[in-house]
Structures are given as structure tokens and as C-alpha cells.
Amino acid sequence: MKGHIFNLLEQFIIEQAGDEAFEDILDACHFITKDPFIRSGTYPDEDLIELVNKTCERLNLSPKDAHFGFGKWIFPHLTKIAPPQVTTFQHPKELFLQLDHIHRVELKKIWPDAEPPRFKCIDTGPDTVTMTYDSRREMIDLVEGVIESVAINYNTPIKFEKKVHKGPEHNVYEYFLTFG
Ligand code: HEM
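Conventions we followed
Residues numbered from 1 in each chain as written. Predicted model: local features only at pLDDT ≥ 70, side-chain atom pairs only at ≥ 80, totals over all residues. Helix = DSSP H or I, 4+ residues; strand = E, 2+ residues; numbered from the N terminus. Rg over C-alpha atoms; globule rule 2.2 N^0.38 Å. Buried ≥ 20, exposed ≤ 12 C-beta atoms within 10 Å, placed from the backbone. Expected span 1.5 Å × (residues − 1). Contact = placed C-beta atoms within 7 Å. UniProt positions renumbered as here; feature names shortened; annotations may be inferred. Pairing = 2+ DSSP bridges. Axes fitted to C-alpha atoms, helices over the stretch in contact; angles between N-to-C directions. Near = placed C-beta within 6 Å. Nonpolar A, V, L, I, M, F, W, Y, C, P; charged D, E, K, R; others polar. Core = buried A, V, L, I, M, F, W, Y, C linked by C-beta atoms within 7 Å. Domains from an automatic or database assignment.

The helix and strand inventory of the chain stands at eight helices and four strands. Taken from the N to the C terminus, the helices and strands of the chain come in the order α-α-α-α-α-α-α-β-β-α-β-β. Taken over C-alpha atoms, the radius of gyration comes to 17 Å for the chain, in line with the 16 Å a tight globule of 180 residues would show. With the C-alpha coordinates of the chain rotated into their principal frame, the extents come out at 50 × 35 × 35 Å. Across the 180 residues that make up the chain, the buried fraction comes to 23%.

So this is what it looks like as C-alpha cells:
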């Protein structure tokens with residue numbers, strides 16, 4: 001995962017728990033990576049999970065709540081990564097229809113070594129989109145937190161139903177989103 005996401009997670013922990021707790025969490029972590037995480041670097045997913053897990057232990061949170069909470073916080077920080085014409089829209093539906101382009105094209109322009117998730121989004125009606133999330137990381141609590149973050153930022157409630165498709169290597173998740 002890109003260092004930018006690690007740096008946002010560090011910022012989130014400091015904002016929520018303070019510098020002292022963050023230092024305790026870092027001390028408790030056993031990372032594969034030996035150097036500090038920098039924005040343009042790429043680091044093992046295991047290191048991100050280690051940081052989340054040690055945060056959960058220190059703050060007495062479940063990993064599910066931690067991933068969801070991070071997602072719910074993150075959207076305004078993500079929009080700063082790419083140009084406004086690909087991240088800023090009138091309605092959240094337009095954002096979801098561009099999600100795969102943002103991850104697979106715009107992010108790759110900035111960080112060619114990124115390994116972003118795949119989002120197939122289909123326009124199914126005036127207030128509905130079907131979004132398929134496909135990633136070997138299967139970070140569904142993060143996905144659901146970011147959906148909530150988008151809803152807050154666009155001041156538009158987003159409800160969803162979810163269907164899991166079992167795959168040979170990982171599961172693929174279909175989200176039936178309804179806006180408003
Ligand atoms: C402005 C819009 C967005 C930007 C710029 C953005 C950017 C990013 C970046 C930089 C990564 C790390 C990729 C890597 O290290 O290979 C990432 C991963 C991820 N993004 Fe987004 N993102 C955006 C919107 C969203 C939204 C709306 C969702 C949820 C529906 C989402 C869900 C995820 C998830 C779950 C990952 C974790 C990696 C994985 O599952 O494989 N993102 N995104």
C-alpha cells in the first residue's frame with residue numbers, strides 16, 4: 001500500500017488519540033519496514049494491518065470499528081491527491097461512476113507502482129449505482145467507512161445492500177447503493 005495511506009493513518013491516530021498514545025502504538029509495532037513511512041514509498045500491507053491492530057489494542061477498539069472509523073474520516077484527505085476535475089462532483093453518484101478511473105488511471109499517473117483496488121460501477125437508476133469492489137485485500141470495513149465519509153461530505157445519505165461472491169483466491173463484493 002502507498003505511503004500516503006500510511007501517513008493518513010498516522011495523522012488519523014494522532015488526531016483521535018494524541019501524540020503520546022501514537023508513540024506507544026509505534027513502540028508496540030513490529031514492522032517489516034525498518035525506515036519511517038514516506039508518502040511516495042510503497043510498503044507491505046502487513047505493516048498497515050500491524051499499525052491498525054496495535055492501535056486497536058492500545059485504544060480498546062475492534063479492527064472492524066478501526067477500519068470503518070479511518071474510512072469515515074478519510075474522504076476529504078483523499079480528494080486532495082488527484083486534480084479536482086476527477087474528484088469533485090455535483091452528486092456522489094458521479095464520483096462512484098469515476099471510482100475505477102480515479103484508482104486505476106489517476107493514481108497510476110502519480111504512483112505507477114500503486115496496486116489499487118478495482119471498482120466496477122454501473123448506473124442503475126436516477127438514485128442508484130451498483131458497485132463491485134474487487135481487491136485481494138478485501139478491506140470491506142474500510143470501503144463501508146469511505147462510503148459513509150462520501151455521504152457526509154456530499155450531505156447525501158447513502159444506503160446499501162451487499163452481496164458476497166466467493167472467488168477462488170478472494171471474494172468480490174457487490175454493493176447496491178441508494179442515494180438520498
Ligand atoms: C477522491 C477519491 C479517491 C482517491 C483519490 C483514492 C485514493 C486511494 C489511494 C491512494 C489508495 C491506495 C492504493 C495503493 O496503495 O495501491 C486507495 C485505496 C483504497 N481505496 Fe480509494 N480513493 C478515493 C476514493 C475511494 C472511495 C470512495 C472508496 C470506497 C468506496 C475507496 C476505497 C478504497 C479502498 C478500500 C482502498 C484500499 C486498498 C484495497 O482495497 O485494495 N476509495 N485509494
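Before going further, it helps to examine helix α1 (residues 3-17). With 15 residues, α1 extends 21 Å from end C-alpha to end C-alpha; this agrees with the ideal 21 Å at 1.5 Å per step. All of the buried residues in α1 are H4, I5, F6, L9, F12 and I13. For α1, the elements touching its buried residues are α2 (19-28), α3 (45-59) and α4 (63-78). Downstream of α1 by one or two residues, G18 has phi in the positive range, about 95 degrees.

Attention now goes to the UniProt feature "domain: Heme NO-binding" (unreviewed entry) in the chain. When the UniProt feature table is mapped onto this chain, "domain: Heme NO-binding" (unreviewed entry) is found at residues 2-161. The span residues 2-161 is 57% helix and 12% strand, and its two end C-alpha atoms sit 29 Å from each other.

On to the sheet that holds strand β1 (residues 118-125). Sheet architecture is open: four strands sit in the order β1-β2-β4-β3, paired in antiparallel fashion. If you trace the sheet from one side to the other, it starts and ends with β1 and β3 (158-165), each paired once. Strand-to-strand twist across the sheet, computed as the mean angle between neighbouring axes with direction ignored, equals 20 degrees. The sheet contact formed by β3 and strand β4 (residues 172-179) spans eight bridges and is antiparallel. Bridging across to β4, H165 finds its partner in V172.

Taken together, 25 residues lie around the ligand, and K2, A114, P117, S135 and V146 are the ones closest in. Across the shell around the ligand, the residue classes tally to 17 nonpolar, five polar and three charged.

We now examine the nonpolar core. In terms of nonpolar packing, the biggest core is built from 31 residues, with L9, F70, F96, M131 and V146 touching the most fellow members. Only α1, α4, α6 (92-97), β1, β2 (128-134), α8 (140-153) and β4 provide two or more residues apiece to this core. Mapping this core onto the domain boundaries places at least three of its residues in each of domain 1 (3-61) and domain 2 (82-179).

Here we take up the domain arrangement of the chain. Per the domain assignment, the segments of the chain are domain 1 (3-61) and domain 2 (82-179). Distance from the C-alpha centre of domain 1 to the C-alpha centre of domain 2: 24 Å.

Following the sequence through the fold, A28 ends up in helix α2. Given 14 C-beta atoms within 10 Å, A28 falls into the partly exposed group. Those residues in contact with A28 that lie beyond four places of it in its chain are K54 and R58.

A few words on the environment of P168. Mapping P168 onto the fold places it in the loop between β3 and β4. Along the chain, P168 and D127 lie 41 residues apart, while their C-alpha atoms are 33 Å from each other.

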